[in-house]
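A look at the structure
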Amino acid sequence: MRRAAILSIAAWLSAPALADPWRLDDIDKPNWLTLSGEARIRYESLGEQFRAGGSGGDQLLAMRTLLLAEAEAGTWTLGIEMQDSRTYLDDNGTPLSSSFVNTLEPLQLYAKRDAFGGTLKLGRQTLDIASRRFVERNDFRNTINGYSGGYWRGPAMDGTLHVFAVAPVGKEPASRSGRDANAVELDETEWGRVFWGLHYVRPKALGSLQTEVFAYGLNEDDRESVATADRSYVELGGRLLQAPQASRWDFEIEGAYRFGERSTSSGQGADRALDVSAETLHAALGYSWAGPWQLRLALEYDYASGDDTPSDSDFGTYERLFGTRRGDLGNTSIHGPLTRQNINAPGARASFKRGRYDGRLHWRAAYLASDTDSFRQAGLRDPSGQSGDFAGHSIDGRVRYWIAEQSLRLELGGSIFLKGRFAREAPGAPNEGDTLYGYAQLTATF
């Protein structure tokens, strides 16, 4: 494994040598062909566990390389993007899920063209819409979600309308042994699951105020290869945004309500249906100062409902499906204690940007929305509610610096999770101190 890691690092370091200064658009190539990409390497270290059954420290070397090629073919544009995501230095205690390993995989394979006044994209693709809280092209995570289907984006009523219907792509390898070996296995589309959405964005509805309304849905049925919770969800919501600007207050509020049905488990066979009623909310109020540091301070709040009575016929837990969590709730990867599920979290944020530098410092006080529901990322639950509802304080920050502008960026960051009563006393909670996490990352864009 050590030899493989060294060879992979050497390959990563040689990737930017394709062009000087590391831009593929400088290569002599046909004018109908466009090339772009990214190579990233990140070392992470974690001390003291917060996950159920965890003990000791952990480390990970995560590497991700992306290469996108687009070719003009008459009225169509054909695209293919390759993703190579690998990890090293992990051990049996590392939570090595599909979020980490996806080796030599066609992440996107699509055809797109102008249609119905906008752009139609068909095939395997990634999605990234508005705030990204409901569907995102993953950034910090080592692998990126892919989908198979159709997506249209175009102008509508002085704004932009997004419409899509897709099936998520299941990442391979699915086995722990395959991930440990960075095995090459092609992903498969999960055709028994359909994810759809309508999302309308109007940038200047009232002066400079941006307004959004949206509907998302998920319909899934068990297949032999993929067992699901047979969820049938519809989610309705909206967003108001006054974007940050120097010497001015800004705010954001985005919320959604989800309803429908799901089964009690993801196994195949007879299962009683649960009535779903769940909601989520994000709110922020900030102020930005003029000057070279572009300092901004903000108060923030995130809520996602939990299930108060696990044994009844209702399901009140809001499940994060395909949206981001890092931007609002802190660093993820082998850390990431907070997610948009059963959470009630006020907090604050400070950020700055000056020249080639930018950074942020972020704090959240994380409570459970329901003390009888689970602390999702830790895998902890106390159905009796006797462990209280305070999970802990999450503090994280990062600083980024462009070594070569728009080509090579260094990022350093870290987190502290100060455990609250629930994280210390819930059944199965690790008998360890507060969690410390740090990382160093280098990204080349070419």
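The written sequence of each chain sets the order in which its residues are numbered from 1. Predicted model: local features are reported for residues with pLDDT of at least 70 only, side-chain atom pairs are reported and counted for 80 or more only, and whole-chain, interface and lining totals are derived from all residues. With hydrogens and water excluded, all non-hydrogen atoms of the structure serve as input to the side-chain values.

1. Here's the deal with the pattern of salt bridges
- A pairing counts as a salt bridge when a side-chain nitrogen of Lys or Arg comes within 4 Å of a carboxyl oxygen of Asp or Glu. Applying the stated rule across the entire model yields 35 salt bridges.
- Residues Arg258 and Glu235 are paired through a salt bridge, measuring 3.0 Å at the closest nitrogen-oxygen approach. With Arg258 in strand β12 (residues 248-263) and Glu235 in strand β11 (residues 232-242), the pair connects residues that are 23 residues apart, well separated along the chain. You'll find Arg258 and Glu235 in the same group, each marked buried.
- Across the pair Asp373 and Arg381 runs a salt bridge, and its minimum N-O distance is 3.4 Å.
- Buried residues are those whose accessible area, probed at 1.4 Å on protein chains only, stays under 20% of the maximum for their type, while exposed residues exceed 50% and partly exposed ones sit between those limits. The exposure class of Asp373 is buried, given its relative accessible area of 3%. Per the convention used, a helix needs a DSSP run of H or I reaching at least four residues, while a strand needs a run of E reaching at least two, with both numbered from the N terminus.

2. Topic: the pairing of strand β1 (residues 33-47)
- As defined by bridge partners, β1 adjoins strand β2 (residues 58-73) across 14 bridges and the pair is classed as antiparallel. Counterpart to Glu44 in the pairing with β2 is Leu60.
- Strand pairing requires that DSSP identify at least two bridges connecting the strands. The sheet contact formed by β1 and strand β22 (residues 435-445) spans 10 bridges and is antiparallel. Note that in β22 the partner of Arg42 across the bridge is Gln441.

3. A short note on the packing of aromatic side chains
- Here a Phe, Tyr or Trp ring, Trp counted by its six-membered ring, pairs with any other such ring whose centre lies within 6.5 Å, and the pair is stacked when the planes are under 30 degrees apart, edge-to-face when over 60, and tilted otherwise. Scanning all chains against the criterion turns up 20 aromatic pairs.
- Considering the side-chain rings of Phe164 and Tyr216, the 6.0 Å spacing of their centres and the 45° angle between planes classify their relative orientation as tilted. Of this pair, Phe164 sits in strand β7 (residues 159-170) while Tyr216 sits in strand β10 (residues 209-220), and the two are 52 residues apart along the sequence. By the burial criterion, Phe164 is buried, and Tyr216 matches it.
- On the numbers, 6.3 Å between centres and 75° between planes, the contact of Phe375 with Phe422 is edge-to-face. Of this pair, Phe375 sits in strand β18 (residues 374-375) while Phe422 sits in helix α4 (residues 421-425); the two residues are 47 residues apart in sequence, bridging distant segments of the chain. Considered together, Phe375 and Phe422 belong to a single accessibility category, that of buried residues.
- Taken together, the ring pairs in this structure connect Phe134, Tyr147, Phe164, Phe195, Phe214, Tyr216 and Phe322 into an aromatic cluster.
- Each ring is checked for a lysine NZ or an arginine CZ that lies within 6 Å of its centre and within 35 degrees of its normal; such an atom marks a charge sitting over the ring. The lysine or arginine in question, Lys121, covers the ring of Tyr110, its NZ or CZ lying 4.2 Å from the ring centre.
- A cation over a ring is seen here: Arg258 above Tyr318, with NZ or CZ 4.1 Å from the ring centre.

4. Observations concerning the nonpolar core
- In terms of nonpolar packing, the biggest core is built from 37 residues, with Phe164, Phe195, Tyr216 and Phe375 touching the most fellow members.
- When contributions to this core are tallied by element, the ones reaching two or more residues are β6 (147-156), β7, β10, β13 (273-288), β16 (343-354) and α4.
- Residue contacts are counted whenever heavy atoms from the two residues lie within 4.5 Å of one another. Leaving out residues up to four positions away in the same chain, Phe195 has contacts with Phe134, Val135, Tyr147, Phe164, Ala165, Val166, Tyr216, Gly217, Leu218 and Phe322.
- To qualify as a nonpolar core, a set must consist of buried Ala, Val, Leu, Ile, Met, Phe, Trp, Tyr and Cys residues joined through side-chain atoms within 4.5 Å. Counting 10 residues, the second largest nonpolar core, distinct from the first, contains Leu46, Phe140, Tyr437 and Tyr439.

5. Here we look at unusual backbone geometry
- A cis geometry characterises the amide bond from Glu172 onward to Pro173, with omega recorded as 0°.
- As for its placement among the helices and strands, Pro173 is situated in the loop between β7 and α2 (176-180).
- The phi torsion at Arg132 lies on the positive side, around 75°, for a residue other than glycine.
- Along the polypeptide, Arg132 turns up in the loop between β5 (118-125) and β6.
- For Arg132, a relative accessible area of 22% gives the class partly exposed.
- Residue Ser333 is not a glycine yet carries a positive backbone phi of 60°.
- Structurally, Ser333 is set in the loop between α3 (326-329) and β16.

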